[in-house]
Amino acid sequence: MESFCDLNIMYPKPGKEHQHYEICAQLGYRTIAFNHVVDMSKAFVKNQLRLNLPKHTLEKTTTLRVLKRVTLICSESNQLRALKNPQLNEFDIVAVCPTTEELLSQCIQAFQHSFQILALDFTKRLPFRLKHSHLVPCKMNNILVEICYVSAIKDSGSCRNIVSNSKDLNWTSRGRGFIISSGAEDPLFLRGPYDVINLVSLFGISFKSAKAALSTNSEVIFLKGLSRTQTFNGIIQSGQISDKSDEWKLPEIMDLKECSIDPSSKKIKV
């Protein structure tokens, strides 16, 4: 049985979560993410970053895995430093929406370990063309591009742009490296996984690619989120010693009691 995910549902009002839980569970989803969008051009007050994050605690449910997501809309390069802000560790998923090709390149080259989703605005004509050189680094660092379908249902003008941009993405990525989400503010606009698969077939996306975008690809994002919030960056130095008489050569900062020495390989394991 496939575990379908919707990783972009707008944050509900306090106490309204149960309505989203009920509809998502009935439609067949097993994982959902509530999204909070931050326009970074308005997030800096007197050179201080203020994300205005939602403070209410989401109600728990036993039928769904509920995640928290934040999306940063960046229009200038100095705004990207917010990706290193410790406040973002409160979220399971971090997404970035760069508005220029230069910012896109900076995101995937300098901040590739700080976010999981590239949330481009497909409701408008992109100011640049997605290239294979953009998507290869994304694939290597488990960064996936997001397609949201709700605007295609609500507005014919947005639908035209979403179809065009999705076709370009599907062709450039060869049907891989993207996820499909709703982007719904109202749970009544949510659709079941197989209805979504039928819908995006109009975008030129195959059944196999669409199904992966709703299930396995989304799981990759969740696992990268765990590595982002629950691991630390560090350096390990590996060396060799001839026997125990050479243990004094180790740096004083290394506690020998926490190291194990394998006599056969003569290597130190930390």
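Above: the structure in question.
Bringing the overall build of the chain into the picture now. If you tally the helices and strands in the chain, you get 8 helices and 11 strands. For the chain, buried positions account for 44% of its 270 residues. Considering only contacts in the chain between residues 6 or more positions apart, those separated by 24 or more positions represent 76%. Taken as a whole, the chain presents about 15,300 Å² of accessible surface, with 51% of it coming from carbon and sulfur.

Among all positions of helix α2 (residues 101–110), only Leu-103, Leu-104, Cys-107 and Ile-108 are buried. The buried residues of α2 occupy an angular sector of 125 degrees when the element is viewed end-on, so they sit on one face. For α2, the exposed residues lying more than 90 degrees away from the buried face are Glu-102 and Gln-109. Looking at the buried side of α2, the elements it contacts are β5 (65–74), β6 (93–98), β7 (117–118) and α3 (132–140).

Once that is clear, we can look at unusual backbone geometry. A positive phi is found at Asn-142, a non-glycine position, where the angle reads about 55 degrees. Of note, Asn-142 is situated in the loop between α3 and β8 (144–148). For Asn-142, a relative accessible area of 38% puts it in the partly exposed group. Of note in this structure, Arg-174 is not a glycine but carries a positive phi near 60 degrees. In this fold, Arg-174 is placed in the loop between α5 (156–173) and β9 (178–181). What makes Arg-174 exposed here is its relative accessible area of 55%.

Here we come to the state of the cysteines. Applying the stated criterion across every chain yields a total of 0 disulfides. Of all cysteine sulfurs, the one in Cys-107 lies closest to Cys-74, which takes part in no disulfide; the gap is 6.2 Å. The cysteine Cys-138 is free of any disulfide, with Cys-107 supplying the nearest cysteine sulfur at 9.1 Å. On the accessibility criterion, Cys-138 (3% relative accessible area) is buried.

What follows covers the packing of α2 against α3. In the contact formed by α2 and α3, the axes pass within 10 Å of each other and the chain directions differ by 25 degrees. Judged on the interaxial angle alone, α3 and α2 are roughly parallel. Here α2 runs over α3; the crossing is left-handed. Residue-level contacts link Glu-101, Leu-104, Ser-105 and Ile-108 of α2 to His-134, Pro-137 and Cys-138 of α3. When its residues are assigned to classes, the contact of α2 with α3 shows 4 nonpolar, 2 polar and 1 charged.

For the rest of this paragraph, the subject is α5. Helix length check: α5 (18 residues) gives 25 Å between terminal C-alpha atoms against 26 Å at 1.5 Å per residue, within 8%. Listing the buried residues of α5 in full gives Ser-158, Ile-162, Val-163, Asn-165, Ser-166, Leu-169, Asn-170, Thr-172 and Ser-173. Where α5 is buried, its residues meet α3, β8, α4 (150–154) and β9. Sitting at the head of α5, Asp-155 places a side-chain oxygen 3.3 Å from the backbone nitrogen of Gly-157. Of the residues one or two after α5, Arg-174 is the one with positive phi, at around 60 degrees.

This paragraph deals with the nonpolar core. Leu-72, Leu-83, Phe-115, Phe-122 and Ile-180 are the most contacted members of the largest nonpolar core, which totals 58 residues. Filtering out sequence-adjacent residues up to four positions away, Leu-72 remains in contact with Val-38, Met-40, Ala-82, Leu-83, Leu-88, Ala-95, Val-96 and Cys-97.

With that out of the way, let us pick up the packing of helix α6 (residues 193–200) against helix α7 (residues 207–214). It is the contact of α6 with α7, at a shortest axis distance of 9 Å, that shows an interaxial angle of 135 degrees. In this view, α6 runs oblique relative to α7, as classed from their interaxial angle. Note that α6 runs across α7; the crossing there is right-handed. Judged by residue contacts, Pro-193, Tyr-194, Val-196, Ile-197 and Val-200 of α6 engage Phe-207, Ala-210, Lys-211 and Leu-214 from α7.

Along any regular strand the residues' side chains alternate between the sheet's two faces. Across the 6 residues of β6, 6 count as buried, placing the element largely inside the fold. Because side chains alternate across β6, one face comprises the buried residues Ile-93, Ala-95 and Cys-97, and the other comprises Val-94, Val-96 and Pro-98, equally buried. Pairing of β6 with β7 involves 2 bridges; the strand directions are parallel. Bridge assignment links Ala-95 to a residue of β7, and that residue is Ile-117.

Definitions and cut-offs
Residues numbered from 1 in each chain as written. Predicted model: local features only at pLDDT ≥ 70, side-chain atom pairs only at ≥ 80, totals over all residues. Heavy atoms only, no water. Helix = DSSP H or I, 4+ residues; strand = E, 2+ residues; numbered from the N terminus. Buried < 20%, exposed > 50% of the residue type's maximum accessible area, 1.4 Å probe, protein only. Contact = heavy atoms within 4.5 Å. Areas by Shrake-Rupley, 256 points an atom, 1.4 Å probe, with all protein chains shown as cover. Arc of directions from axis to C-beta. Disulfide = S-S within 2.5 Å. Axes fitted to C-alpha atoms, helices over the stretch in contact; angles between N-to-C directions. Parallel < 35°, antiparallel > 145°, perpendicular 65-115°, else oblique. Left-handed = near helix turned anticlockwise from the far one by under 90°. Nonpolar A, V, L, I, M, F, W, Y, C, P; charged D, E, K, R; others polar. Expected span 1.5 Å × (residues − 1). Polar contact = N/O pair within 3.5 Å; in protein donor to acceptor, adjacent residues only side chain to side chain. Core = buried A, V, L, I, M, F, W, Y, C linked by side-chain atoms within 4.5 Å. Pairing = 2+ DSSP bridges.

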